[in-house]
Amino acid sequence: MMHSTKTIEYFFFCIAISFCVLLACNKNAAAPPINVSGNYIVSAEAKRQFSKDQVKNLYSSYGAGTYVRNGIKTYSITYKTKTYTGADVIASASVVVPDAAGPFPLINYNHGTFFPSDEWRVPSYNNDFNSDINIAYMMASVGYVVVSPDYIGYGSSKSMEHNYCDYNNIAINAIDAVRAAKEFCSSQNLMLKNKLFITGWSEGGTITMAVVKKIQTNLATEFNITAAAPLAGAYYSSGMANQILQSNTEKPFINSYAWVVKTYNKTGNLNKPLYYYINEPHATSFNNSVEAVIPKNPQLLFTNTFRQNYLNNTEPLQTVFLQNDLWNFKPACKTILCHGQNDTYAPIINSQQAYNYMSAQGADVSLVTYPGKDHGECIWDYLFTIYNAFEPLR
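Residues numbered from 1 in each chain as written. Predicted model: local features only at pLDDT ≥ 70, side-chain atom pairs only at ≥ 80, totals over all residues. Heavy atoms only, no water.

## A look at the sheet that holds strand β2 (residues 71-82)
Taken in spatial order, the 9 strands make up an open sheet running β1-β2-β3-β5-β4-β6-β7-β8-β9, and their pairing is mixed. The sheet is open, and its two borders are formed by β1 (41-50) and β9 (365-370), each paired with just one other strand. Along the sheet, successive strands turn relative to each other by an average axial angle of 20°, direction set aside. Pairing geometry for strand β4 (residues 104-110) and strand β5 (residues 145-149), over 3 bridges, is parallel. By the bridge assignment for β5, Ile-107 is matched with Val-146. Packed onto the sheet, helix α5 (residues 203-218) meets β4, β6 (192-201), β7 (225-231) and β8 (334-340) and runs at close to 140° relative to β6. Across the face of the sheet, helix α12 (residues 349-360) comes into contact with β8 and β9 while running at roughly 160° to β9. (Pairing = 2+ DSSP bridges. Helix = DSSP H or I, 4+ residues; strand = E, 2+ residues; numbered from the N terminus. Axes fitted to C-alpha atoms, helices over the stretch in contact; angles between N-to-C directions. Contact = heavy atoms within 4.5 Å.)

Here it is, written out as structure tokens:
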């Protein structure tokens, strides 16, 4: 995961050792197919099962073992959704359910950035103990059904390109995953409450806000959003782009920012050659792989024409950035914006901008900050934040 820091990788290392042992013991060998039916769900497969004691032991070293109420079962599902062009596609997701009696509230968790080489880590595979799986497992162990979409470009649709940070279109895929998860639960006689919580981290944090906006605008009679709690999203994408394009210092996450440019040129139907935005020979290498080694200084990477047009507000791509801004609407549900104060990947100005606008509009919004924490260093703080925020509402 490109935006992971050494701190968070070390943080999960010890848990990962224990998790690998559990994986060896808890994989469902040659699980029989699961009968499912519905308008969205296509298939379901049992993946893992962990007892309450196993989950408690996994998290006890980090002060979370006492929160665990039940064991969990994990599943991989495929479901029908749409590409950004409206074409049909089969996508995949993880569904983690409590091994207990319902009814359960439902959480839609939207994962963070995965570069192509990390595709094997996405939720539906359930084969890597990363921060995203950690959140889904913990929340299921306290009595929530958690559905985590892979997004198009991963899992069952990995032959396609992931349109990175195409928030409004990915939100459609996430909503369809929620629909499929409900159909899965119905097929398995798992009772759900009429309560939907939406959360996510980084790319998934902004997708969370796109899901909230899309549901309250178009699907309010179908879904009842109880609360939303995104972490470290780039809600102010257009402003971030402005800051990056003005900068003359190295950006450690420049591949992510360039990936957004590549995506928006495509999904915005601008279809300019990549060398319009990125200097050669880097445009060619980046077009071949978004993980290519490229200059980290925006002045060296992006063309002068693109930078000046954007900064002068004459760049067509700017319209696509503005369309993907998620700071400037009024959420109808309780919203908790979470952010590390020292975030260098998606700076805290994103949450501050959203909070200032939403609170001025009278939204039920709060801003939770984690002092001294960078982008990948506040996952555990955030996990406790969403637990404490969601529990009184469940």
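Read on for the rest.
## A word on the packing of helix α7 (residues 254-267) against helix α11 (residues 316-323)
For the pair α7 and α11, interaxial distance at closest approach is 10 Å and the crossing angle is 100°. Taken together, α7 and α11 sit at an angle that is classed as roughly perpendicular. Each of Val-260, Val-261, Tyr-264 and Asn-265 in α7 lies in contact with α11, whose residues at this interface are Leu-317, Val-320 and Phe-321. Its residues assigned to classes, the contact of α7 with α11 shows 6 nonpolar, 1 polar and no charged. (Parallel < 35°, antiparallel > 145°, perpendicular 65-115°, else oblique. Nonpolar A, V, L, I, M, F, W, Y, C, P; charged D, E, K, R; others polar.)

## Details of the confidence of the model for the protein chain
Model confidence for the protein chain is summarised by a mean pLDDT of 93, while 92% of its residues fall at 70 or above. Confidence over residues 1-17 falls short of pLDDT 50; this stretch has 39 contacts with residues more than four positions distant or in other chains. (pLDDT = per-residue confidence, 0-100.)

## Here's the deal with the environment of Asp-132
Along the polypeptide, Asp-132 turns up in helix α3 (residues 131-140). Judged by relative accessible area, which is 2%, Asp-132 ranks as buried. Each C-alpha atom of the pair Asp-132 and Arg-121 lies 9.3 Å from the other, and the pair is 11 residues apart in sequence. (Buried < 20%, exposed > 50% of the residue type's maximum accessible area, 1.4 Å probe, protein only.)

## Here we look at the pairing of β7
Burial runs high along β7: 7 of the 7 residues are buried. In this sheet, β7 lies alongside β6 in parallel orientation, the contact comprising 6 bridges. Among the inter-strand pairings, Ile-198 is bridged to a residue of β7, identified as Ala-228. Considered for its hand, the β-α-β crossover made up of β6, α5 and β7 is right-handed. One ladder, built from 3 bridges, connects β7 with β8; its direction is parallel. Directly across from Leu-231, in β8, lies its bridge partner Cys-338. (Right-handed = clockwise from strand over helix to strand, strands pointing away.)

## Examining the layout of surface pockets
Space inside the largest pocket adds up to approximately 210 Å³. Residue lining of the largest pocket: 15 residues in total, with Pro-116, Met-160, Glu-161, His-162 and Trp-259 positioned closest to the centre. If you list the elements that add at least two residues to the lining of the largest pocket, you get α7 and α8 (282-288). By residue number, the principal contributor to the lining of the largest pocket is α8, which donates 3 residues. By residue class, the composition of the lining of the largest pocket is 6 nonpolar, 5 polar and 4 charged. (1 Å grid on protein atoms, 1.4 Å probe; cavity = no way out; pocket = protein on both sides within 12 Å on 5 of 7 lines; lining within 4 Å. Points joined across faces, edges and corners; volume = space filled by probe spheres on them.)

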